[in-house]
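If you want the building blocks of each chain, they are given just below.
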Amino acid sequence: MADILDVTVGLAERALALGVPRESIMIDPGHDFGKNTRHSLEATRRLDEMAATGWPVLVSLSNKDFVGETLDRPVKERVVGTLATTAVSAWLGAQVYRVHEVAETRQVLEMVSAIAGHGRPAVARRGLA
């Protein structure tokens, strides 16, 4: 994780120094890029460390090899693992998501937001306010 932080924060700071507006910069742990499954799992588990840098964190999780290897599933059967990883990433501070399953991912993010106390239920059918 130290290497991921050094590289991503270093590149973000370099972009800023070269004139890229701060609001146009995000950092990404790069799941599966130059990493094995254990590396990508640890990057996910420690995503809060990336969020603590103050840079917005982007994750690209859809159907990644680390999901497939963890669950022993082919690409077309990785949705559940991807959504679980998305929920954990949201809980730990990721803010931007590159996804294939947009509707499903949005539901996961809305649920995590509500559990965390940042969002509300969409409807109030059982006396919820």
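Residues numbered from 1 in each chain as written. Predicted model: local features only at pLDDT ≥ 70, side-chain atom pairs only at ≥ 80, totals over all residues. Heavy atoms only, no water.

K.L.:
An account of the pattern of salt bridges is requested, with residue identities and associated values reported.
P.N.:
Scanning the model with the defined rule gives 4 salt bridges in all. The residue R46 makes a salt bridge to E49 at a minimum N-O spacing of 2.7 Å. A residue is classified by how much of its surface remains accessible, and R46, at 27% relative accessible area, is partly exposed. The salt bridge involving D65 is made with R78; its shortest N-O contact spans 3.4 Å. Highlighted residues: D65 in helix α4 (residues 65–71) and R78 in the loop between α4 and α5 (79–91), separated in sequence by 13 residues. (Salt bridge = Lys/Arg side-chain N within 4 Å of Asp/Glu carboxyl O. Buried < 20%, exposed > 50% of the residue type's maximum accessible area, 1.4 Å probe, protein only. Helix = DSSP H or I, 4+ residues; strand = E, 2+ residues; numbered from the N terminus.)

K.L.:
Let's hear about the nonpolar core: which residues, and what values?
P.N.:
Formed by 23 residues in total, the largest nonpolar core has its most connected members in I27, L47, M50, W55, V57, V59 and A94. For this core, the secondary structure elements donating two or more residues are α1 (2–17), α3 (47–51), α4, α5 and α6 (102–116). It is α1 that contributes the most residues to this core, 5 residues altogether. For I27, the residues in contact, after removing those within four places along its chain, are T8, V9, A12, M50, T53, W55, P56, V57 and L58. (Core = buried A, V, L, I, M, F, W, Y, C linked by side-chain atoms within 4.5 Å. Contact = heavy atoms within 4.5 Å.)

K.L.:
Could you give an account of the UniProt feature "domain: Pterin-binding" (unreviewed entry) in the protein, naming the residues involved and the relevant values?
P.N.:
When the UniProt feature table is mapped to this numbering, "domain: Pterin-binding" (unreviewed entry) covers residues 1–110. Secondary structure content for residues 1–110 is 54% helix and 5% strand, while the C-alpha to C-alpha distance between its ends is 28 Å. (UniProt positions renumbered as here; feature names shortened; annotations may be inferred.)

K.L.:
A description of the packing of aromatic side chains should follow, citing residues and the corresponding values.
P.N.:
What describes a pair of aromatic rings is the distance from one ring centre to the other and the angle between the planes of the rings. Here the structure, examined in full by the defined rule, presents 0 aromatic pairs. Directly above the ring of W55 sits R22, whose terminal nitrogen or CZ lies 4.1 Å from the centroid. (Phe/Tyr/Trp six-rings, centres within 6.5 Å; stacked < 30°, edge-to-face > 60°. Lys NZ or Arg CZ within 6 Å of the ring centre and 35° of its normal.)

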